Amino acid sequence: MNAPIKFYQTGTFTVGNRLLSPEQRAVQASPERSNALNSGHRACQGCGEALGARYAVDAAMRATDGELIAANATGCLEVFSTPYPETSWQLPWIHSLFGNTAAVGTGIAAAMKVKGKLGTRVIAQGGDGGTTDIGFGCLSGMFERNDDVLYICYDNEAYMNTGVQRSSATPYAARTATTMAVGSEPGATFGQGKNLPMIAMAHQIPYVATATVADLHDLEAKVEKAMSVHGARYLHVLVPCPLGWGSASHDTIRLARLACETGVFPVFEAEHGEVTSVSKIRHRVPVEEYLKPQKRFAHLFGANGHPDMLAKIQADADRNIRRFGLVDEVAA
Amino acid sequence: MLQIRIHGRGGQGVVSAAEMLSVAAFEQGRHAQAFPSFGSERTGAPVVAFCRIDDREIRLREPILAPDVLIVQDPTLLHQVDVFQGLQPDGYVLINSKRSFDELGLADIATRFRHERLITVPASEIALKHLGRPLPNAVLLGGFAALSGLVSLDAVAHAIREKFSGKVAQGNVDAASEAFEVVKNEMAELAHAQTD
Amino acid sequence: MLKQTEGSHAVAEAVALCRPEVICAYPISPQTHIVEGLGELVKSGALTPCEFINVESEFAAMSVAIGASAAGARAYTATASQGLLFMAEAVFNASGLGLPIVMTVANRAIGAPINIWNDHSDSMSQRDCGWLQLFAENNQEALDLHIQAFKLAEELSMPVMVCMDGFILTHAYERIDMPTQAEVDAFLPPYEPRQVLDPAEPVSIGAMVGPEAFMEVRYLAHAKQNQALLRIPQIADEFARRFGRASGGLVRPYRCEDAETIVIALGSVIGTLKDTIDDLRAGGMKIGVLGIQSFRPFPLAAVRAALQGAKRVVVLEKSFCVGLGGIVSTDVRMALSGMQLHGYTVIAGLGGRAITKASLARTLTEAAADKLQPLTFMDLDWPLVNRQLEREARMRRSGPIAENLLRDVGTVASKVI
């Protein structure tokens, strides 16, 4: 599947598989999908990570004909998918520690290579905490060695499993348990956050991409693309967390879409350090539309609001749009 | 058990000297143990290495406090470190220097030991001639072979060839052989001087 | 084949003979020569098939080994001191998951103060993690133990640490007998995992286990170590039959049969002790040394049996339990419960301080006369220590301890020992 078919429908967000030919339909549309993250797991209602993981791993399973091994960091995904004595995973899966997932992936890939099992591929997955903070060293090492691992980061922008503490991926102004909405500058105030996709690009690895749970086809295509090459690959998926973001459980996909449409979360692909494609914003919206449905940004609004902080968020979104060329001049 | 202590400075191959000595002893069918005394590695800092040779398994691991043999690769150490500490009364001393024991200001110390076992040899100069670099470690082992007869020159040459290769190995073997001759001659002169 | 070579090279060669499939290494003194040696063997093609991975930290090293081992590959790494601590989380993870990784620990002191020389504080810090811990008396045993370690680890599905004294063994040239590939192959079969990540038979490894089963899982680790108490001597016997020499096992007594005083120790100091014991015996003292080769599992029964006829036990250790006293001696005490014995703990050689025959002879003579304190620090410079304590009592801003002591000690380079 070379050119993703873009859909633009008003009034509904259905994916519309029935309008595509069978081979262009989403992996999720098929009853033959591996359902690698099986039902029965304990994720919250509306969990973006559960959705993202199911989408991504099923796509990877199809791309590898089921010859896939997964390493998983400690975090929400690991905890809700393996409540003792049950497991939701239908592929070989290992959870080691919080900060070493990329290295465990390296080890599995090395084992496959030494045993001549070149068709068996490896994914390593974790949340933003396990990737941008405690797992950063191992991740960078894996990138630098160009180990044959696809690392997928499900970014819900905080340490959700332990009670919503800030991570280096927590966006500016967001309320978390360790960046409370109090004082003169409420919420997270550390710069603009650690941009892992760009750091991944700086390692010149074969493939880096960002995606969200709002665009299933795009996410699946990127996983497939990633699995079609060898070496270190990185996929950063925005996955809203209703509990941590203070949003309605039915808003998960909508918020992910708004993150893209505001320019807050640029969606792009890069190879060997150069951006190769971006997902253009069809209908640009101001950041307020994205922020208002999330209680973690509630302190920015209202009588005691912080228009200056709002303005900064908007300015950052504007910069993303400029930097990645997310809006076509003509369309705007 | 024979205990050899080698003094020098970082970068002069003191540790390699002890290792080669142990390999030479092994060549001759004996047990040998070589190990360094570690300080933070730094070119120019005083370094000590040890070698034990015996005909049975060597179990002792302590640093050599009472050496039977002292090899000093760098004479500038002589008045900085107490290299003679613990040296046995019958001990052998081989110092890398053009000058004699007296000229080195060691006449007093020399009286405590057997003077025919105290030899200096210009190892750095010999090395310069055969290697183009003043690296005295393997050279001194050739001198030691002559001084003590406790390792053979052949075994020393074998050890050198195990550690080095090509021209470097040959150069070291030649230099060690020359040092062997120089020391042999010096010993003969000393013996003559005594009988005179 | 007999060789005269450096301890680390001997270990590298022996590990290579065990056909490791994934080696991951991060440099730290004094283990670097081991992994450098292995790296060269892999790069030159002499050791194949094998993946040699230069990782970015010790934590990564153990993590890569975990991934590789879980995926069915024979995995090996080496570390020491700070490196072992840095990977501590992963060390517990490996034994908790039951992965048969073999790791060399080139025993080195743990800072602060930073110290690159030998003592046993590093492996001792991990004594409760579930890894088996074997100690080598000399370089021959060091290389032999690695061969035995892979067999032991894979049979039990538990990781094994082979401990050898940093610098004293790793950097010492000694005569060793290197086995042939055929001999090792006959002794060590290919790795057959108990659990493996295999798409043909998917399993989930590493699930959370709550109060309902955690105790049972941990007990099973203990049960495996109890199995090891039986297997270790059996493997050592098989090794002796195939390779023609005694190596490994649980304990090794030397002149203990009629000994009134028995000294217990781990690692290379056993060699120096043997020489000391011979001297003391020649002077009429009834003394022997019991070397412990397997520290985990701790051979309670074997130690107890060896000490049956003795009047006193002196535990000489290069380890230290701050605030209590000895680490090894505490374990030994457990073996002797109920027995009437004088027990002495001698802490020696911390941070690489040389343990001399003279000091040992003096200390053991005092012990034999029951004139020794229950806890002593061999060759401790008491004036130095007291000066510092006085300094601290006198002023608040007394400065960094290490700096003060070093200033008192003077220029280290001008000393021979």
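Calculation notes
Residues numbered from 1 in each chain as written. Chains lettered and ligands numbered in written order. Predicted model: local features only at pLDDT ≥ 70, side-chain atom pairs only at ≥ 80, totals over all residues. Heavy atoms only, no water. Helix = DSSP H or I, 4+ residues; strand = E, 2+ residues; numbered from the N terminus. Rg over C-alpha atoms; globule rule 2.2 N^0.38 Å. Buried < 20%, exposed > 50% of the residue type's maximum accessible area, 1.4 Å probe, protein only. Contact = heavy atoms within 4.5 Å. Areas by Shrake-Rupley, 256 points an atom, 1.4 Å probe, with all protein chains shown as cover. Lys, Arg positive; Asp, Glu negative; His and termini not counted. Charge placed at Lys NZ, Arg CZ, Asp CG, Glu CD. Buried area = accessible area lost by both parts, 1.4 Å probe. Salt bridge = Lys/Arg side-chain N within 4 Å of Asp/Glu carboxyl O. Polar contact = N/O pair within 3.5 Å; in protein donor to acceptor, adjacent residues only side chain to side chain. Phe/Tyr/Trp six-rings, centres within 6.5 Å; stacked < 30°, edge-to-face > 60°. Lys NZ or Arg CZ within 6 Å of the ring centre and 35° of its normal. Axes fitted to C-alpha atoms, helices over the stretch in contact; angles between N-to-C directions. Parallel < 35°, antiparallel > 145°, perpendicular 65-115°, else oblique. Left-handed = near helix turned anticlockwise from the far one by under 90°. Nonpolar A, V, L, I, M, F, W, Y, C, P; charged D, E, K, R; others polar. Pairing = 2+ DSSP bridges. Patch = residues over 30% accessible without salt bridge, like charges linked within 9 Å, V, L, I, M, F, W, Y side chains within 5 Å. Domains from an automatic or database assignment. Core = buried A, V, L, I, M, F, W, Y, C linked by side-chain atoms within 4.5 Å. Right-handed = clockwise from strand over helix to strand, strands pointing away.

Asks: Would you take a moment to explain the overall build of chain A for this structure?
Replies: Across its full length, chain A carries eleven helices and eight strands. Against the 2.2 N^0.38 benchmark of 20 Å for 332 residues, chain A shows a C-alpha radius of gyration of 19 Å, consistent with a compact globule. Principal-axis analysis of the C-alpha atoms gives chain A an extent of 65 × 40 × 40 Å. Counting across all 332 residues of chain A, residues that qualify as buried make up 56%. Relative to all contacts within chain A whose residues are 6 or more apart in sequence, the contacts with residues 24 or more apart total 70%. In the form shown here, chain A has an accessible surface area of approximately 13,600 Å², with 52% of it arising from carbon and sulfur atoms. Distance from the positive charge centre (30 side chains) to the negative charge centre (32 side chains) of chain A: 1 Å.

Asks: Can you help me understand the interface of chain A and chain C in this one?
Replies: The parts lose accessible area when they come together, and the size of an interface is often stated as this lost area. Of the residues lining the interface, 36 residues belong to chain A; the matching set on chain C comes to 37 residues. Across the chain A/chain C interface, buried area totals approximately 2,800 Å², and carbon plus sulfur atoms make up 66% of it. The largest contributions to the chain A side of the interface with chain C come from Tyr84(A), Leu97(A) and Val114(A), which together make up 22% of the buried area. Scanning the region where chain A abuts chain C turns up three salt bridges. Here Lys113(A) and Glu51(C) are joined by a salt bridge, their closest N and O atoms 3.5 Å apart.

Asks: What's the story with the interface of chain C and chain B in this structure? I'm lost.
Replies: In this assembly, 31 residues from chain C lie in contact with 31 residues from chain B. Between chain C and chain B, a total of about 2,500 Å² is buried, with carbon and sulfur atoms accounting for 56% of that surface. One can count three salt bridges joining chain C with chain B. Salt-bridge contacts for Asp275(C) lead to Arg59(B); the nearest nitrogen and oxygen are separated by 3.0 Å. Our count for the chain C to chain B interface comes out at twelve residue pairs in polar contact (both at pLDDT 80 or more). When contributions to the side of chain C that touches chain B are tallied by element, the ones reaching two or more residues are β1 (2–6), β8 (173–177), α10 (269–282) and α13 (357–368) of chain C.

Asks: What exactly am I supposed to notice about the packing of aromatic side chains here?
Replies: Two numbers describe a pair of aromatic rings. These are the distance of the centres and the angle of the planes. A complete count under the given rule lists 13 aromatic pairs over all chains for this structure. Ring geometry for Tyr151(A) versus Tyr234(A): centroids 6.1 Å apart, planes at 20 degrees, classification stacked. One end of the pair, Tyr151(A), is in strand β4 (residues 150–155); the other, Tyr234(A), is in strand β6 (residues 233–238), with 83 residues separating them in the sequence. Comparing Tyr151(A) with Tyr234(A) shows no difference in burial state: the two are buried. Look at Phe135(C) and Phe295(C): their rings are 6.2 Å apart centre to centre, the planes differ by 85 degrees, and that puts the pair in the edge-to-face class. Of the two residues, Phe135(C) sits in strand β6 (residues 132–135) while Phe295(C) sits in strand β13 (residues 294–296), which places them 160 residues apart along the sequence. In this structure Phe135(C) comes out as buried when scored by relative accessible area, which is 1%. On the basis of relative accessible area, Phe295(C) is assigned to the buried category, the value being 0%. Every member of this aromatic cluster is reached through a ring pair, and the members are Phe143(A), Tyr151(A) and Tyr234(A). The side chain of Arg296(A) reaches across the aromatic face of Trp245(A), ending 3.8 Å from its centre.

Asks: Teacher, can you tell me more about the arrangement of the chains here?
Replies: Most contacts, when the two pairs of chains in contact are compared, are made between chains A and C. You won't find any contact between chain A and chain B; their C-alpha atoms come no closer than 29 Å.

Asks: Looking at this structure, I do not really get the packing of helix α1 (residues 7–17) of chain C against helix α2 (residues 32–43) of chain C. What am I missing?
Replies: Between two packed helices, the angle of one axis relative to the other and the distance separating the axes together describe the packing. Residue and element names in this part refer to chain C. The interhelical angle for the contact between α1 and α2, taken along N-to-C directions, is 45 degrees, at an axis separation of 8 Å. Relative to α2, the element α1 is oriented oblique. For the element pair α1 and α2, the recorded crossing hand is right-handed. Residues Ser-8, His-9, Val-11, Ala-12, Val-15 and Ala-16 of α1 form the contact with α2, whose own contacting residues are His-33, Ile-34, Gly-37, Leu-38 and Leu-41. Classifying every residue of the contact of α1 with α2 gives seven nonpolar, four polar and no charged.

Asks: Explain the pattern of salt bridges to me, please; I cannot follow it from the model alone.
Replies: Residues and elements named next belong to chain A. Evaluated as defined, the whole model comprises 47 salt bridges over all chains. Salt-bridge contacts for Glu-271 lead to Lys-225; the nearest nitrogen and oxygen are separated by 3.4 Å. Of this pair, Glu-271 sits in strand β7 (residues 268–271) while Lys-225 sits in helix α7 (residues 216–227), placing them 46 residues apart in sequence. Residue class for Glu-271 comes out partly exposed when judged on its relative accessible area of 28%.

Asks: Is there a simple way to explain the sheet that holds strand β2 (residues 22–25) of chain C in this structure?
Replies: For sheets, the rule is that strands pair by backbone hydrogen bonds, running either parallel or antiparallel. All names here are of chain C. In spatial order, the strands read β3-β2-β4-β5-β7-β6-β13; together these seven strands make up an open sheet with mixed pairing. Two strands bound the open sheet, and with one partner strand each, they are β3 (51–54) and β13. Taken pair by pair, the neighbouring strands of this sheet meet at an average axis angle of 20 degrees, ignoring direction. Here β2 runs beside β3; their pairing, made up of four bridges, is parallel. The residue of β3 that forms the bridge with Ile-23 is Phe-52. With respect to the sheet, helix α3 (residues 58–70) is in contact with β2, β3, β4 (75–79) and β5 (102–107), its orientation differing from that of β4 by roughly 165 degrees.

Asks: What am I meant to see in a nonpolar patch on the surface here?
Replies: A cluster of nonpolar residues, Phe320(C), Val322(C) and Leu350(C), forms a patch on the protein surface that exposes about 270 Å² of accessible area. With respect to the element layout, Phe320(C) can be found in the loop between β14 (312–317) and α12 (328–335).

Asks: Is there a simple way to think about the domain arrangement of chain C in this case?
Replies: Residues and elements named next belong to chain C. Domain boundaries assigned for chain C yield domain 1 (2–243), domain 2 (251–377) and domain 3 (388–417). With 25 residues of domain 1 at the contact, the number on the domain 2 side is 24 residues. Interface area for domain 1 against domain 2, summed over the two sides, is near 1,900 Å², with a carbon-plus-sulfur share of 54%. At the boundary of domain 1 with domain 2, the tally comes to four salt bridges. Where Glu-141 meets Arg-252, a salt bridge forms, and the shortest distance between an N and an O atom there is 2.4 Å. Scanning the region where domain 1 abuts domain 2 turns up 14 residue pairs in polar contact (both at pLDDT 80 or more). Counting residues per element, the ones that place at least two in the side of domain 1 that touches domain 2 are α6 (121–125), β6 and α9 (214–243).

Asks: Got a minute to help me understand the nonpolar core in this structure?
Replies: If you look at the biggest cluster of nonpolar residues, it comprises 90 residues, and the most contacted ones within it are Ile94(A), Tyr234(A), Met62(C) and Ile264(C). There are two domains that each give this core at least three residues, and those are domain 1 (2–243) and domain 2 (251–377) of chain C. Sequence-distant contacts of Met62(C), that is, excluding residues within four places in its chain, are made with Thr77(C), Met87(C), Ala90(C), Val91(C), Ala94(C), Ile101(C), Met103(C) and Trp131(C). Formed by 48 residues, the second largest nonpolar core is a distinct cluster that contains Ile34(C), Ala136(C), Val160(C) and Met164(C).

Asks: Which parts of the structure should I look at to understand the pairing of strand β1 (residues 68–72) of chain A?
Replies: Each regular strand carries side chains that alternate between the two faces of the sheet. All names here are of chain A. In terms of burial, β1 is a largely internal element, five of the five residues being buried. When β1 meets strand β3 (residues 121–127), the two strands line up parallel, connected through five bridges. Residue pairing across strands places Ala-70 opposite Ile-123, the latter belonging to β3. In the sheet, β1 pairs with strand β2 (residues 93–95) via three bridges, with the strands oriented parallel. The residue of β2 that forms the bridge with Asn-72 is His-95. You can see the chain leave β1, run along helix α2 (residues 76–81) and come back into β2, and the turn it takes is right-handed.

Asks: For this particular structure, what's the right way to read the packing of helix α1 (residues 14–27) of chain B against helix α5 (residues 153–163) of chain B?
Replies: Residue and element names in this part refer to chain B. Running from N to C, α1 and α5 point in directions that differ by 125 degrees, and their axes come no closer than 8 Å. With respect to their mutual orientation, α1 and α5 come out oblique. Crossing of α1 against α5: the hand is right-handed. The segment α1 lies against α5, with Ser-16, Glu-19, Met-20, Val-23, Ala-24 and Glu-27 engaging Ala-155, Val-156, His-158, Ala-159, Ile-160, Glu-162 and Lys-163. Its residues assigned to classes, the contact of α1 with α5 shows seven nonpolar, two polar and four charged.

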